[in-house]
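Here is how the chains run, residue by residue.
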2 protein chains.
Amino acid sequence: MTDYRRLRVALLGAGAVGSQVASLLRKHGDELADRAGAHLELIGIAVRNPDAPRDADLPRELLTTDPEPLIVGADIVIELMGGIEPARSYLLQAINSGADVVTANKALLATHGPEIFEAADQVGAQVYYEAAAAGAIPIIRPLRDSLAGDRVQRIMGIVNGTTNYILDRMDSEGAEFADVLADAQRLGYAEADPTADVEGYDAAQKAAILASLAFHTSVPLEAVHREGITGIDKAMMDAARHAGYVIKLLAVCERLTGADGAESISVRVYPALVRRDHPLASVHGANNAVFVQAEAAGNLMFYGAGAGGVQTASAVLGDVVSAARRHLAGGVGVGESNRANLPILPIANVTTRYQITLEVDDQPGVLATVAGILSEGDVSIATVEQTVRSEPVPGNGSPVTEPASDTVARLVIGTHKALEQNLSETVDRLAASGVVERVVSVLRVEGD
Amino acid sequence: MTDYRRLRVALLGAGAVGSQVASLLRKHGDELADRAGAHLELIGIAVRNPDAPRDADLPRELLTTDPEPLIVGADIVIELMGGIEPARSYLLQAINSGADVVTANKALLATHGPEIFEAADQVGAQVYYEAAAAGAIPIIRPLRDSLAGDRVQRIMGIVNGTTNYILDRMDSEGAEFADVLADAQRLGYAEADPTADVEGYDAAQKAAILASLAFHTSVPLEAVHREGITGIDKAMMDAARHAGYVIKLLAVCERLTGADGAESISVRVYPALVRRDHPLASVHGANNAVFVQAEAAGNLMFYGAGAGGVQTASAVLGDVVSAARRHLAGGVGVGESNRANLPILPIANVTTRYQITLEVDDQPGVLATVAGILSEGDVSIATVEQTVRSEPVPGNGSPVTEPASDTVARLVIGTHKALEQNLSETVDRLAASGVVERVVSVLRVEGD
């Protein structure tokens, strides 16, 4: 073995990802040393309970319940505890002790990113977080470095594997949300409490991180508009398929230019209709993908596993090697270039296309009334499809073509780009109009 | 404008990419300064003929025919001249003058990469070359940095836009190679002399660069097995489609482990059959994609425009910003970690699956004879499809089911994994066997 300098690595947390990181650090030690130019010595692993069962076979003598001596004695600190505290304090302590830090903690970065990056800047340390944005998919370096000379216009990301797994199965099997969720929980694709995934909280954290990077600005988590997928049912999926779309939970980060030339951004997470021939439509199962539109580079897509202990460990170890190389190269950390300070638009000010599905009385003049309300609300109609069916039965979306005695019609209205605020007020007016029996769904269309 | 330090940038070459780089450097100067933390001052552009027509409106006073003063006065030198000399000498001179260098020159890196990286290591400079591997697709940083803690097992890349454009149109339109090539030349997708693209030379250079990075070893261009697409005809395309495949020109970089546990790699470029449901099959037009299989990260794919002046300029400018950040951060360049010295297998020692298409006499016992020859050659049969048609007409691949008086049968044989050498000798024996009228095609199958 080459006689490399030794760098001391401390690991905080030994859950699914941490165990794999520790295991790979030991298994591929010699090879990692060649890559990094230094021997990466794992000096200890801080855990809450040293006797808890672990995925990987970790040497008992490395485990400790006292992280502080590890942190102050390390060149590189890997934080895989999750949560805000004590992870935040430990990361700041590591930075102030002269270590470079690696974290996969998206909740922490989405809420306290600026504080942590600022602390690192002060002392010339570097923060690495490839695993915090889209699991194993290398997206941080492409956005921060490869596209640093370009202008990202738009990101559309499938950044949550659980919801993509659920929506993909609903689409391919014609199953209902609750049934697929239960199955996903049984198979380990969804947590016992699935809220963070299915309500879009996890995707919103990643959206904040991706938008901050892509637009070189600071995006607080509160500024991310968030909707989950619990309202998506089989009927919506069927209707989407019929219209040539698939429903995906998207993190959309968009750069907008106002009439005065002033720039702003919008960051939002919601289930949206995506055309079947869009590259994002073919992202199946628990996979993730990030579709990037840049001014010069054009359309790019990054695809891979969004989660999983060993996959995420790959991203963490890549960061550890980068940190080691930087330690050897000398110099100070490069820092985040969050200098743009772009205003972040509220969702009401965002424009997209919509698909509105209504159940209306099957009577003459109804379409004219509906069209009039849309027009008054500044919502321009691109397409209308009307199907007539018998008395609406909740949960049964199959249209029949024979009009029954007391019939309702289903209107599927595709709009041109409309302002969210106009659209939302218009839908309220439609619901109160007397000719609309039920607003079946209002979905945004992305990626056209 | 913030009072940034100034970094002097010299540009060598103002062709399609260089013009765009110069134009974007000027257009987005303030924004790039924010990203880089330094003002990037373009001090000059070395060209052969200052009066040649250019894509972008470059200030005449920046153009010079004398690169040397630019090179010695620059902090960052961007080499976009192409070719081996004088590009190589200029890059070495820039490195030895203390500059960091950015290049898109795949021919140079594939042939003189180790010399250039070694020179940079000696003085602590850094070489950036994102644009040399797959156009605008960010692949260098993911392979070198993000996956540095993982083990790449396999890369399958569509890394040449011209050939993908041609093959995609042959597939979708049922057109012949020569017709699509002529059209591609007319539309600017192919050069007047298309040899570098259609014979796989360009893809082989990129394969050498990708394999060097992915396996942290040095891969000389001569070690890359290379076949082009000029032998692919409509009949092969039709047969591939019929069997559920599409033909793509692939750069395959593979890590292999021998029976003794010793590792080697194989790097090869050839047209191969790819299953229609593989992510690479849906890469259309002149786009590129790099599919990466890593031990921990699993399957990843990077997709985008493979070429084009402005797209490639995006990759170059990303490198310029990285170089500027490094200049400001201080320290020495990180260097390439080409430490593995893995042996590179000749193509004869590589195993893949094959699809062999034969025209044979339609007589009893022929299949038994063919199967016997394959078995003797250690080539195991996975599938056989036999169709009977009339006397073969060259260039007319449409089978008719009515046997004519003097009939031949077409055999499409899918093999299990076989050693290239065995396969090749076996095909020779088949051709000489007396029962085989014609070996229609032998294609490798990748990505299963």
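This is a predicted model, so every value here is computed, not measured. As a convention, each chain's residues are numbered from 1 in the sequence order in which they are written. To label them, take the chains in the order written and letter them from A, then take the ligands in the order written and number them from 1. Restriction of local features to residues with pLDDT of at least 70 applies here, the model being predicted, together with a cutoff of 80 or more for giving and counting side-chain atom pairs; totals for whole chains, interfaces and linings are based on all residues.

### Here's the deal with the relation of the copies chain B and chain A
Phase 1: Fitting of the copies onto one another was done by least squares over C-alpha atoms, counting residues only where both copies have pLDDT of at least 70. Of the transformation placing chain B onto chain A, the axial shift is 0.0 Å and the rotation is 180°, giving an RMSD of 0.0 Å. What the rotation and shift describe, once combined, is the action of a two-fold rotation axis. Scanning chain B for the C-alpha nearest the rotation axis identifies G331 of chain B, at a separation of 2.0 Å.
Phase 2: The contact criterion used here is simple: two residues whose C-beta atoms, placed from the backbone, lie within 7 Å are in contact. Mapped onto chain A, 100% of the interface residues of chain B are again interface residues, and the two copies thus contact each other with one and the same surface.

### A closer look at the sheet that holds strand β1 (residues 5-12) of chain A
The strands that make up a sheet are held in pairs by hydrogen bonds between backbone atoms, and each pair lies either parallel or antiparallel.
Residue and element names in this part refer to chain A.
Phase 1: Spatially, β3-β2-β1-β4-β5-β6 is the arrangement adopted by the six strands of the open sheet, whose pairing is parallel. Both outer strands of the open sheet, β3 (63-64) and β6 (127-128), are each paired with one neighbouring strand and no more.
Phase 2: Alignment of β1 against strand β2 (residues 38-46), held across eight bridges, turns out to be parallel. When the bridges of β2 are listed, L7 appears paired with L40.
Phase 3: The convention used is that axes are lines fitted to C-alpha atoms, helices contributing only their stretch in contact, and that angles between N-to-C directions extend from 0 to 180 degrees. Comment: elements are numbered from the N terminus, with helices defined as DSSP H or I runs of at least four residues and strands as E runs of at least two. Contacts from helix α1 (residues 16-27) reach β1, β2 and β4 (76-79) within the one sheet, and its direction differs from that of β2 by about 145°.
Phase 4: Across the sheet, helix α13 (residues 309-329) lies against β1, β2, β4, β5 (100-103) and β6, angled at about 170° from β5, the strand it touches most. Any two strands with at least two DSSP-identified bridges between them are counted as paired.

### Digging into the confidence of the model for chain A
Phase 1: For every residue, the predictor states its confidence as a pLDDT score lying anywhere from 0 to 100. Residues with a pLDDT of 70 or more make up 94% of chain A, whose mean pLDDT is 90.
Phase 2: In the model, residues 400-405 of chain A has pLDDT below 50 throughout and makes six contacts with residues more than four positions away in sequence or in other chains.

### Points about the interface of chain B and chain A
Phase 1: The interface is formed by 53 residues belonging to chain B together with 53 residues belonging to chain A.
Phase 2: Going through the elements one at a time, α2 (29-36), α7 (140-146), β12 (298-305) and α13 (309-329) of chain B are the ones with two or more residues in the side of chain B that touches chain A.
Phase 3: By residue number, the principal contributor to the side of chain B that touches chain A is α13 of chain B, which donates 12 residues.
Phase 4: Tallied by class, the residues present in the side of chain B that touches chain A amount to 27 nonpolar, 17 polar and nine charged.
Phase 5: Two strands pair when backbone bridges link them, and strand β12 (residues 298-305) of chain A and β12 of chain B are joined in this way by three bridges, in the antiparallel orientation. Bridge pairing in β12 of chain B links M301 of chain A to Y303 of chain B. Under the scheme applied here, ten amino acids are nonpolar (Ala, Val, Leu, Ile, Met, Phe, Trp, Tyr, Cys and Pro), four are charged (Asp, Glu, Lys and Arg), and all others, including Gly, are polar.

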